[in-house]
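This is what each chain is made of:
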Amino acid sequence: MLWITEFSGFFSAALAVILLSPSLQSFSPAAAIRSSHLDAYFRPSPSSDSSLRRNFSYRESPILRNADVCRFSGGDHGVCNPSYVHVAITLDLVYLRGSVAAVNSILQHSACPESFFFHFLVSETSLESVIRSTFPRLNLKIYYFAPERVQSLISSSVRQALEQPLNYARNYLAELLEPCVNRVIYLDSDIVVIDDIVKLWETGLGPSTIGAPEYCHANFTSYFNGAFWFDERYNETFKGRRRKPCYFNTGVMVIDLKKWRRFGYTRMIERWMEIQKVERIYELGSLPAYLLVFAGHVAPISHRWNQHGLGGDKVKGSCRDIHDGPVSLLHWSGSGKPWSRLDSKHPCPLDSLWEPYDLYEHSH
């Protein structure tokens, strides 16, 4: 495996897989897997597609203006304006309602709502009119992510939801977004922000390319199978990392796109996906490739910015509590989504925290 040697700077000191006592309540490795971004893109059957399209009815978002303290430089409203805070979110047919609520929550809690630029990744262009009519004053751009860009690299997974191409669009942010965009916050569609996200934007990454909340008590070995751990070509992959490799949820990340482009991380992820197609070293869609490339090199961010797992487990979608500690971002990762539970009249207690940001108009 010549390419592993080529990147030995990333793959060289011993992995000590130790279960730590967590400082915050969190989930077992299996629950952490279920609470990842990967469940978020199950596609409905064609028969339900038309029903969903008929119900694209959203209230227009309220008008929000920058406070006097904002240092936004007017005039140039193009994407390259250096004053912008850049946020990337996917727009998926099934999870559009969640994306709309996420954007609304960000704007509602920001002192400088006019200083955001949103980058929406889509594989269905029909969604552009919905987002523009709901947020007519929003600084935004739509980026079409062609499924064939990654389709041949996707291996079968334990669940069909993990195989959807849009799951992998975040791997290509560095090439999809304009070269002048040097930093971006990537967010899943099933979140709401209850703090000013500028605080997350300003988080220092140091020498790291990405920053995210880490969960170091999780059994890291469980994210890869025996074919990985017992193969001498792979079992030293995590040697030489700056820190102990830990699980991190890829649904909330701050990404230094300038460093990403410089070091070619997209190609590194693709190479692991190519190995996975042949060797089958993990079972979980897009998450393990991120761990292989970045675990141990992630800038740790406070857990308050990803209170994840509120969607519950895969089978029952049971209700979950917030982790101990302060909260700035709520994440309904897992099988249960707040809008579905609210519509069914069987919400979890914490779903009421999502509801104020919902702009969906029910038909009567």
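The following refers to the structure shown. Predicted model only: the values in this text are computed from it and were never measured. All chains use their own residue numbering, which begins from 1 and follows the written sequence. The predicted nature of this model means local features are confined to residues of pLDDT at least 70 and side-chain atom pairs, given and counted, to a pLDDT of 80 or more, with totals for whole chains, interfaces and linings taken over all residues. Derived side-chain values reflect all non-hydrogen atoms in the structure, with water molecules and hydrogen atoms excluded from consideration.

### Structural notes on the overall build of the protein
Then comes step 1: Only DSSP runs of H or I with at least four residues qualify as helices, and only runs of E with at least two residues qualify as strands; both kinds are numbered from the N terminus onward. Broken down by element type, the protein carries twelve helices and eleven strands.
Then comes step 2: Residue burial in the protein is summarised as follows: out of 364 residues, 59% are buried.
Then comes step 3: Two residues form a contact once any of their heavy atoms are found within 4.5 Å. Intrachain contacts of the protein at a sequence separation of at least 6 include 77% that bridge at least 24 residues.
Then comes step 4: Note on areas: these come from Shrake-Rupley sampling with a 1.4 Å probe, and a residue is covered only by the protein chains present in the view. Of the accessible surface of the protein, which amounts to about 14,700 Å², a share of 53% is contributed by carbon and sulfur atoms. Three exposure classes are used, based on accessible area relative to the maximum for each residue type with a 1.4 Å probe and protein chains only: buried under 20%, partly exposed in between, and exposed over 50%.

### Notes on the packing of aromatic side chains
Then comes step 1: Aromatic pairs are defined between Phe, Tyr and Trp rings, using the six-membered ring for Trp, whenever the two ring centres lie within 6.5 Å; interplanar angles under 30 degrees are classed as stacked, those over 60 as edge-to-face, and all others as tilted. Under the counting rule described, the total for this entry stands at 27 aromatic pairs.
Then comes step 2: Measuring from centroid to centroid gives 5.3 Å for Trp-260 and Phe-294, while their planes differ by 35°, and the two rings are tilted. Separated by 34 residues along the polypeptide, Trp-260 in helix 9 (residues 257-263) and Phe-294 in helix 11 (residues 287-294) bring together distant segments of the chain.
Then comes step 3: A residue is classified by how much of its surface remains accessible, and Phe-294, at 2% relative accessible area, is buried.
Then comes step 4: A network of ring pairs unites the aromatic residues Tyr-215, Phe-220, Tyr-223, Phe-224, Phe-228, Trp-229, Tyr-234, Phe-238, Tyr-247, Trp-272 and Tyr-282 as a single cluster.
Then comes step 5: One residue, Arg-170, lies across the ring of Tyr-290, its end atom 5.6 Å from the ring centre. Ring-over charges, as used throughout, are those where CZ of Arg or NZ of Lys falls within 6 Å of the ring centre and within 35 degrees of the ring normal.

### Section: the state of the cysteines
Then comes step 1: Any pair of cysteine sulfurs within 2.5 Å is marked as a disulfide. By the definition in use, this model includes four disulfides.
Then comes step 2: A disulfide bridge connects Cys-216 with Cys-246, and the sulfur atoms are separated by 2.0 Å. One disulfide, between Cys-216 and Cys-246, carries an S-S torsion of 100° and so falls in the right-handed class. With Cys-216 in the loop between strand 7 (214-215) and helix 8 (226-229) and Cys-246 in the loop between helix 8 and strand 8 (247-248), this residue pair connects regions lying 30 residues apart in the sequence.
Then comes step 3: Given the relative accessible area of 21%, Cys-216 is considered partly exposed.
Then comes step 4: Residue class for Cys-246 comes out buried when judged on its relative accessible area of 2%.

### Here's the deal with the pairing of strand 1 (residues 85-91)
Then comes step 1: Among the seven residues that make up strand 1, seven are buried, leaving the element largely enclosed by the rest of the structure.
Then comes step 2: The pairing criterion is simple: DSSP has to find at least two bridges between the two strands. Alignment of strand 1 against strand 2 (residues 116-122), held across seven bridges, turns out to be parallel. When the sheet's bridge partners are listed, Val-87 is paired in strand 2 with Phe-118.
Then comes step 3: Regarding topology, helix 4 (residues 96-108) serves as the crossover connection from strand 1 to the parallel strand 2, and that connection is right-handed.
Then comes step 4: Bridge count for strand 1 against strand 4 (residues 183-187) is three bridges, and the pairing is parallel. When the sheet's bridge partners are listed, Ala-88 is paired in strand 4 with Tyr-186. A right-handed crossover is one whose linking path, passing over the helix from the first strand to the second, runs clockwise when the strands point away from the viewer.

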